[in-house]
Amino acid sequence: MNRLAILGFIIVGVLLFVALFAPWIATQDLATINLPMRYLPPSTEHWFGTDALGRDVFARVVYGARISLRVGIVVVLVSAVVGTVLGALAGYFGGWIDRLMSGYVFNVFLAFPGLLLAIALVAFLGAGLNKLILALCIIGWVGYARLIRGQVLKIREYDFVQAARALGAGDLRILFVHILPNAIQPLIVQASLGMAGAVLAEASLSFLGLGVPPPAPSWGVMIEDARGLDRLQAAPHVLIFPGIAIVLTVLAFNFIGDGLREYLDPRQRKR
Amino acid sequence: MFENSGLGSFKHHIFGFLRRVGLLLLVVWTVVSLVTLLIELVPGDPAVAILGDQATPEQIAQFRAHHGLDRPPFFFSFPEDAGGARHFAWHGADNRYVDYWVALLKGDMGRSFRTDQPVMDLILLRYPATIELALASLLIAVAISIPLGVVAGSNRGTWIDNFSSVVALIGISLPSFVIGPMLVYVFAVKLGWFAPTGSEEWQDIVLPAVTLGAALSAILTRMVRSSVIEELGEDYVRTARAKGLGERKVIYKHVLKNGLIPVVTILGLQLGVLLAGAIITEKIFSWQGLGLLLIDDGIGKRDYRLVQGCVLVISVTYILANSLTDMIYRWLDPRIRVS
């Protein structure tokens, strides 16, 4: 397995640890407003300094990992499960559900700019964490469905599936016990890249004011909060730390996805 | 048999073209349906959101009638009757969904809930700025990626190659809302070379274009690199070298010409992505384009009619750009046409 993928796993491991043990890692309070202490540079007391309201940037970045990972995990789980079930049914049974999916849903949803669809959904539904997650799931499941449908179409012709059928296994048993476990590998790659996409989308929408509302320490909100000209002049570090957090997270999941893809399919090794 | 194959490929070609156009129409139909029906999901009454809690019932009724909001939303609905029970009601073609379509086909997207200006006018006013920004960032991406990709690909495995791969990877992972404010900090706040926001002077486009084009530069660099590596392994390169052509000439006269075909496709496809991605860049730099219109004037002021128009125009532009590139690419490269 390549070195970048291992680096990715290490970063994600650290991130999970930080998110799980946030209250013990960030000793400073993340919400206490302390105006005399604003714009402090990084120091031993405030590792990442303080922001325009005197809040501890380190604590906010640490708690931000919770929001990012929660959105990523929920979006990927829901999209993958919904996509897998619908994609598998379409691929295995064919018929009208397959015609609807491969003829309409795949072509239309994947021809549409994903971020814009999420923005449109949130614009009409209203901003908020749950609505954001819902919007990302609505655009997210299609990719998994297409992937699994293709896999199922391929695997259902294999000899062991014919053997299972000859032994009298029912359709659902063949699909869920024999076919799907063999179709799962590319799904893991897709899920890893999907985590990167979901983290990025959450930060983007929160940056635009369409995701998690401001006092919450979403990395996107923190960047939007820090980028005013006077604030940028006084304290660029308030912008830089959440920025690094987003970039590292997205990089890590992309490294893992690319690494796994190579590992699972040697034919796709990069030239 | 050979005469027939010409006709057959022609038929195949026409069929493929029609299929593509049909698909395009299907996508556009879905987008229009989405923007017309999503407005039903708005929590609360858009009229109250615009006029405020202080508005009299007469004012609200007048607003609703003016914007057609008093009409049924779709062909059918399930209104509540006096007893509170819901029942099925058929409205026929007399509904807002049809209204929107009929007006749209006449080039009318309704009037802004806030300013009462035609949405089409507002969009046409802002559209050129977004196109300008997308084209500028495309230019920047090409200027960065072709030299970098060629150098990396023709020096495969050296430190130059590794360095440019790392730069490209970071470029892909840097979202515009991170790189944009950082560029503002360095080049506007610290160095003072550019204005932090706005679009008055010609040089104001530099920072937004770099922000929007950064990720594309990185993607293209990787593509140019692998394309150059692939072409360098071809027989014609060996022939060119064998006849004594210098390495520089081999690359610029032979390899680049063939290697750029896939790059051109990606460029075209990315124009659409750039248009959609411009929303965030426009927000960062207060660039007066379609994205800012959508975020600030549309969503920010709950002007849902404007949101509908902006989402529609941005998506259709994106979809058209993608389909056109696809068709042109198929036309250019016969290998793809056949398969």
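Every value quoted in this text rests on a predicted model; they were computed, and no experiment measured them. (Residues numbered from 1 in each chain as written. Chains lettered and ligands numbered in written order. Predicted model: local features only at pLDDT ≥ 70, side-chain atom pairs only at ≥ 80, totals over all residues. Heavy atoms only, no water.)

Section: the overall build of chain A
1) Next: Assigned secondary structure in chain A consists of 11 helices and zero strands.
2) Next: Starting at the N terminus and walking to the C terminus, you meet the elements of chain A as α-α-α-α-α-α-α-α-α-α-α.
3) Next: Dimensions of chain A, computed from C-alpha atoms along their principal axes, come out at roughly 75 × 45 × 35 Å.
4) Next: The proportion of buried residues among the 271 residues of chain A is 51%.
5) Next: A separation threshold of at least 6 residues defines the contact pool for chain A, and within that pool the share at least 24 residues apart is 69%.
6) Next: Looking at chain A, you have 21 positive and 15 negative side-chain charges, and the mean spots of the two groups are 7 Å apart. (Helix = DSSP H or I, 4+ residues; strand = E, 2+ residues; numbered from the N terminus. Buried < 20%, exposed > 50% of the residue type's maximum accessible area, 1.4 Å probe, protein only. Contact = heavy atoms within 4.5 Å. Lys, Arg positive; Asp, Glu negative; His and termini not counted. Charge placed at Lys NZ, Arg CZ, Asp CG, Glu CD.)

Observations concerning the packing of aromatic side chains
1) Next: Overall, the coordinates contain 12 aromatic pairs over all chains when judged by the stated rule.
2) Next: Both rings, one in Phe-17 of chain A and one in Phe-21 of chain A, keep their centres 4.9 Å apart while their planes meet at 45 degrees; by these two values the pair is tilted.
3) Next: Ring geometry for Phe-75 of chain B against Trp-90 of chain B: centres 6.4 Å apart, planes inclined by 20 degrees, an arrangement best described as stacked. Here the residue Phe-75 of chain B occupies a position in the loop between helix H3 (57-66) and strand S1 (76-77), and Trp-90 of chain B occupies one in strand S2 (residues 89-90), the gap between them amounting to 15 residues.
4) Next: By relative accessible area, Phe-75 of chain B is classed as partly exposed at 25%.
5) Next: Using a relative accessible area of 59% as the deciding quantity, one classes Trp-90 of chain B as exposed. (Phe/Tyr/Trp six-rings, centres within 6.5 Å; stacked < 30°, edge-to-face > 60°.)

Examining the nonpolar core
1) Next: In terms of nonpolar packing, the biggest core is built from 140 residues, with Ile-119 of chain A together with Phe-177 and Leu-294 of chain B touching the most fellow members.
2) Next: If we ignore the near neighbours within four places in the chain, the residues touching Ile-119 of chain A are Leu-205, Leu-208 and Leu-210 of chain A together with Ile-279, Leu-294, Ile-295 and Ile-299 of chain B.
3) Next: Leu-212, Leu-232, Val-237 and Leu-275 of chain B belong to the second-largest nonpolar core, a separate cluster that totals 29 residues. (Core = buried A, V, L, I, M, F, W, Y, C linked by side-chain atoms within 4.5 Å.)

Points about unusual backbone geometry
All names here are of chain B.
1) Next: In this model, Asp-116 sits at a positive phi of 65 degrees, which is unusual for a non-glycine residue.
2) Next: Among the secondary structure elements, Asp-116 is positioned in the loop between helix H4 (96-105) and helix H5 (119-154).
3) Next: Phi is positive for Ser-286, which is not a glycine, with a value near 50 degrees.
4) Next: Here Ser-286 lies in the loop between helix H10 (247-285) and helix H11 (290-299).

Here we look at the interface of chain A and chain B
1) Next: At the interface, 40 residues of chain A touch 45 residues of chain B.
2) Next: Summed over both partners, the interface of chain A with chain B buries about 3,800 Å², with 80% contributed by carbon and sulfur atoms.
3) Next: At the junction of chain A and chain B, the tally comes to zero salt bridges.
4) Next: Counting across the interface, chain A meets chain B through three residue pairs in polar contact (both at pLDDT 80 or more).
5) Next: For the side of chain A that touches chain B, the secondary structure elements donating two or more residues are helix H4 (95-109), helix H5 (114-125), helix H8 (171-207), helix H10 (229-234) and helix H11 (237-264) of chain A. (Buried area = accessible area lost by both parts, 1.4 Å probe. Salt bridge = Lys/Arg side-chain N within 4 Å of Asp/Glu carboxyl O. Polar contact = N/O pair within 3.5 Å; in protein donor to acceptor, adjacent residues only side chain to side chain.)

Remarks on the pattern of salt bridges
1) Next: Within the structure shown, the criterion is met by 11 salt bridges over all chains.
2) Next: Measuring nitrogen to oxygen at the nearest pair gives 2.8 Å for the salt bridge that ties Arg-227 of chain A to Glu-224 of chain A.
3) Next: Overall, Arg-227 of chain A belongs to the buried group, its relative accessible area being 16%.
4) Next: Residues Asp-161 of chain B and Arg-225 of chain B are paired through a salt bridge, measuring 2.7 Å at the closest nitrogen-oxygen approach. In this pair, Asp-161 of chain B sits in helix H6 (residues 159-173) while Arg-225 of chain B sits in helix H8 (residues 206-232), placing the two residues 64 residues apart along the sequence.
5) Next: Taking the relative accessible area as the measure of exposure, Asp-161 of chain B reaches 2% and is therefore buried.
6) Next: Shared partners join several salt bridges into a network, and the residues in it are Arg-55, Asp-225 and Arg-231 of chain A.

Considering H10 of chain B
Residues spaced three or four apart along an α-helix face the same direction, because each turn holds 3.6 residues.
Residue and element names in this part refer to chain B.
1) Next: For H10, with 39 residues, the first-to-last C-alpha span of 43 Å runs short of the 57 Å given by 1.5 Å per residue.
2) Next: At Val-255, H10 is deflected by roughly 50 degrees, the largest bend along its length.
3) Next: Trailing H10 by a residue or two, Ser-286 shows a phi angle of about 50 degrees, which is positive. (Expected span 1.5 Å × (residues − 1). Bend = angle between axes of the 7 residues up to and from the residue.)

Observations regarding the confidence of the model for chain A
1) Next: Put simply, chain A has an average pLDDT of 85, and 97% of its residues get 70 or more.
2) Next: Model confidence for chain A, summarised as mean pLDDT per element, is weakest for H10 of chain A at 79 and strongest for helix H3 (residues 57-93) of chain A at 91. (pLDDT = per-residue confidence, 0-100.)

Here's the deal with the packing of H3 of chain A against H11 of chain A
Residue and element names in this part refer to chain A.
1) Next: Here H3 crosses H11 at 30 degrees, and the two axes come no closer than 10 Å. Judged by the sense of rotation from one axis to the other, the crossing of H3 with H11 is right-handed. From H3, Val-57, Val-61 and Leu-69 reach across to H11, where they touch Val-238, Phe-241, Pro-242, Ala-245 and Phe-253.
2) Next: For the contact of H3 with H11, the class distribution of residues is eight nonpolar, no polar and no charged. (Axes fitted to C-alpha atoms, helices over the stretch in contact; angles between N-to-C directions. Left-handed = near helix turned anticlockwise from the far one by under 90°. Nonpolar A, V, L, I, M, F, W, Y, C, P; charged D, E, K, R; others polar.)

Focus on the side chain of Thr-130 of chain B
Residue and element names in this part refer to chain B.
1) Next: Within the element layout of this structure, Thr-130 appears in helix H5.
2) Next: Judged by its relative accessible area of 3%, Thr-130 is buried.
3) Next: In this structure the side chain of Thr-130 is engaged in a polar contact, spanning 2.7 Å, whose partner is the backbone nitrogen of Leu-290.
4) Next: If sequence neighbours within four positions are ignored, Thr-130 has contacts with Leu-275, Ala-278, Glu-282, Trp-287, Gly-289, Leu-290 and Gly-291.

A word on the environment of Lys-11 of chain B
1) Next: Within the fold, Lys-11 of chain B resides in helix H1 (residues 2-38).
2) Next: Spatially, the C-alpha atom of Lys-11 of chain B lies 38 Å from that of Ala-93 of chain B, the residues being 82 residues apart in sequence.

Focus: H4 of chain B
1) Next: Restricting attention to buried positions, one finds in H4 of chain B the residues Arg-96, Tyr-97, Val-98, Tyr-100 and Leu-104 of chain B.
2) Next: Just downstream of H4 of chain B lies Gly-107 of chain B, where phi reads positive at about 80 degrees.

Overview of the packing of H6 of chain B against H8 of chain B
All names here are of chain B.
1) Next: It is the contact of H6 with H8, at a shortest axis distance of 7 Å, that shows an interaxial angle of 140 degrees. Between H6 and H8 lies a crossing whose hand is left-handed. Residues Asp-161, Ser-165, Ala-168, Leu-169, Gly-171 and Ile-172 of H6 form the contact with H8, whose own contacting residues are Ala-214, Ala-215, Ala-218, Ile-219, Thr-221, Arg-222 and Arg-225.
2) Next: In the contact of H6 with H8, the residues fall into seven nonpolar, three polar and three charged.

Side note on the environment of Gln-288 of chain B
Residues and elements named next belong to chain B.
1) Next: Examined against the element boundaries, Gln-288 turns out to sit in the loop between H10 and H11.
2) Next: Note: C-alpha distance between Gln-288 and Tyr-252 (36 residues apart in sequence) is 39 Å.
3) Next: Setting aside anything within four residues of it in sequence, one finds Gln-288 in contact with Arg-126, Ala-129 and Ser-199.
4) Next: A polar contact is formed between the side chain of Gln-288 and the side chain of Arg-126, at a distance of 3.2 Å.
5) Next: Within polar-contact distance, the side chain of Gln-288 engages the backbone oxygen of Ser-286 at 3.3 Å.

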